Amino acid sequence: MTSQTPDLPEERRPRPVEVPLLQIGGAPGGASGGCGCGDGGCGTGDGNGGEYGDGYGLDPIDCGLDPELARLLADAGLDPVQVEDIAHLAIEEDLDHGVDVTTVATVPEDAVSVGDFTAREAGTVAGLRVAEAVLSIVCTDEFEVDRHVEDGERVAAGSRLLTVRTRTRDLLTAERSALNLLCHLSGVATATRRWADALATVGAAAQDSARPRVRDTRKTTPGLRALEKYAVRCGGGVNHRFSLSDAALIKDNHVVAAGGVAEAFTLVRTEFPGVPIEVEVDRLDQIEPLLALGADLILLDNFTPAETAEAVRLVAGRAQLESSGRLTLESAADYAATGVDYLSVGALTHSSPILDISLDLRAVPADGPDPDSPDARDGRENGGAREVRG
């Protein structure tokens with residue numbers, strides 16, 4: 001395939017983004033890498049790899065972000081270098097190698113403002129540290145951050161999430177990129193929380209390990225998979241595999257290509273003996289042969305609740321079971337009551353609406369307010385943490 005570049009003036013022709021793209025795609029090492037989901041059955045390793053560096057082989061202070069922010073991201077199971085790359089890409093895309101012409105024309109260079117990231121509707125928050133990463137890329141001077149809530153917390157409409165004091169130009173330039181990521185990730189977390197809540201009452205009498213759980217798929221936005229799967233965890237869900245190399249999932253097309261389910265399973269087990277294998281079925285009679293082969297997990301595709309309950313009875317704990325297809329919030333309790341281990345919901349990452357969050361500015365004198373002013377104390381007295389960044 002060939003393409004042509006429109007005949008544009010030299011200054012308007014597309015150019016490569018001059019940002020080093022390090023670690024996009026997450027930790028190296030395939031199935032041995034960590035995902036931070038804390039779910040031993042997801043086929044993606046052993047949680048977040050413990051101390052940062054075990055999963056990624058890097059120290060967070062090696063990236064360009066503030067060391068404390070980098071460690072907060074790492075503690076959340078995110079790669080600070082990847083988050084920094086995404087922040088760079090977002091800003092480069094928005095500026096297109098230029099400047100924010102509206103802001104530069106209307107805002108004095110030395111103006112300073114306080115900005116409140118505020119939830120306009122109730123939901124579950126995710127991505128606050130990612131928004132801070134965007135701000136750190138743009139802010140040319142020292143800036144202060146007051147954290148009022150943390151990722152994973154439920155918030156009411158009108159709740160202040162994060163307060164930032166910095167140059168007004170920088171704050172306005174970073175606004176849309178920071179909000180795009182924060183609103184999207186919070187939307188994923190909020191949708192996941194609805195599913196987790198719907199399943200919680202069903203599994204209330206069961207031990208934690210036996211409760212049905214909602215989990216995601218690989219139906220994610222290119223480049224944002226790690227962040228979207230993090231948002232699922234913030235909403236109370238767990239993660240399925242992060243990549244094609246983490247675990248095998250034998251579906252109908254693999255069966256056709258290999259000449260049968262047993263053939264496909266044997267080929268995968270022979271080629272990759274240490275990789276977990278999940279197999280998709282659409283009929284009850286396909287289950288017993290898979291158990292004889294040693295399938296780790298069986299995906300029940302478009303089974304009704306009654307068929308799912310029969311599958312649970314047949315398997316009797318010999319493998320984990322995952323329901324997929326025909327799943328809605330209204331039917332979630334019916335499927336969960338069957339005893340299935342997971343409900344797979346691709347819509348968590350590919351169709352969740354954003355959580356509406358705004359950035360509201362308050363102008364302040366250039367030398368800033370007293371840190372102990374009522375406004376500053378309010379954030380800290382409500383659980384906020386104050387930091388000064390350079």
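Please refer to the structure placed before this passage.
Residues numbered from 1 in each chain as written. Predicted model: local features only at pLDDT ≥ 70, side-chain atom pairs only at ≥ 80, totals over all residues. Heavy atoms only, no water.

Below, the discussion takes up the sheet that holds strand β9 (residues 297-301). Here 6 strands make up an open sheet; going across it, the order is β6-β11-β10-β9-β8-β7 and the pairing parallel. The outermost strands of the open sheet, each flanked by one partner alone, are β6 (213-215) and β7 (248-250). Going from strand to strand, the sheet's axes swing by 25 degrees on average, the running direction of each strand aside. Taken together, the 3 bridges between β7 and strand β8 (residues 277-281) define a ladder with parallel strand orientation. (Pairing = 2+ DSSP bridges. Helix = DSSP H or I, 4+ residues; strand = E, 2+ residues; numbered from the N terminus. Axes fitted to C-alpha atoms, helices over the stretch in contact; angles between N-to-C directions.)

So, on to the pairing of strand β1 (residues 112-119). Counting buried positions over the 8 residues of β1 gives 8, a clear majority of the element. Sheet topology note: the β1/strand β5 (residues 160-167) ladder contains 7 bridges and is antiparallel. Looking across to β5, one finds that D116 is bridged to T163. Pairing geometry for β1 and strand β12 (residues 357-364), over 8 bridges, is antiparallel. Within β12, the residue paired with T118 across the bridge is S358. (Buried < 20%, exposed > 50% of the residue type's maximum accessible area, 1.4 Å probe, protein only.)

This part covers the environment of E278. Here E278 lies in strand β8. E278 gets classed as buried once you look at its relative accessible area, which sits at 5%. Sequence separation between E278 and A248 is 30 residues; the distance between their C-alpha atoms is 6.0 Å. Leave out the neighbours within four places in its chain, and E278 touches R215, H240, A248, L249, I250, L297, I298, L299 and E322. Polar side-chain contacts of E278 include one of 2.8 Å to the side chain of H240. (Contact = heavy atoms within 4.5 Å. Polar contact = N/O pair within 3.5 Å; in protein donor to acceptor, adjacent residues only side chain to side chain.)

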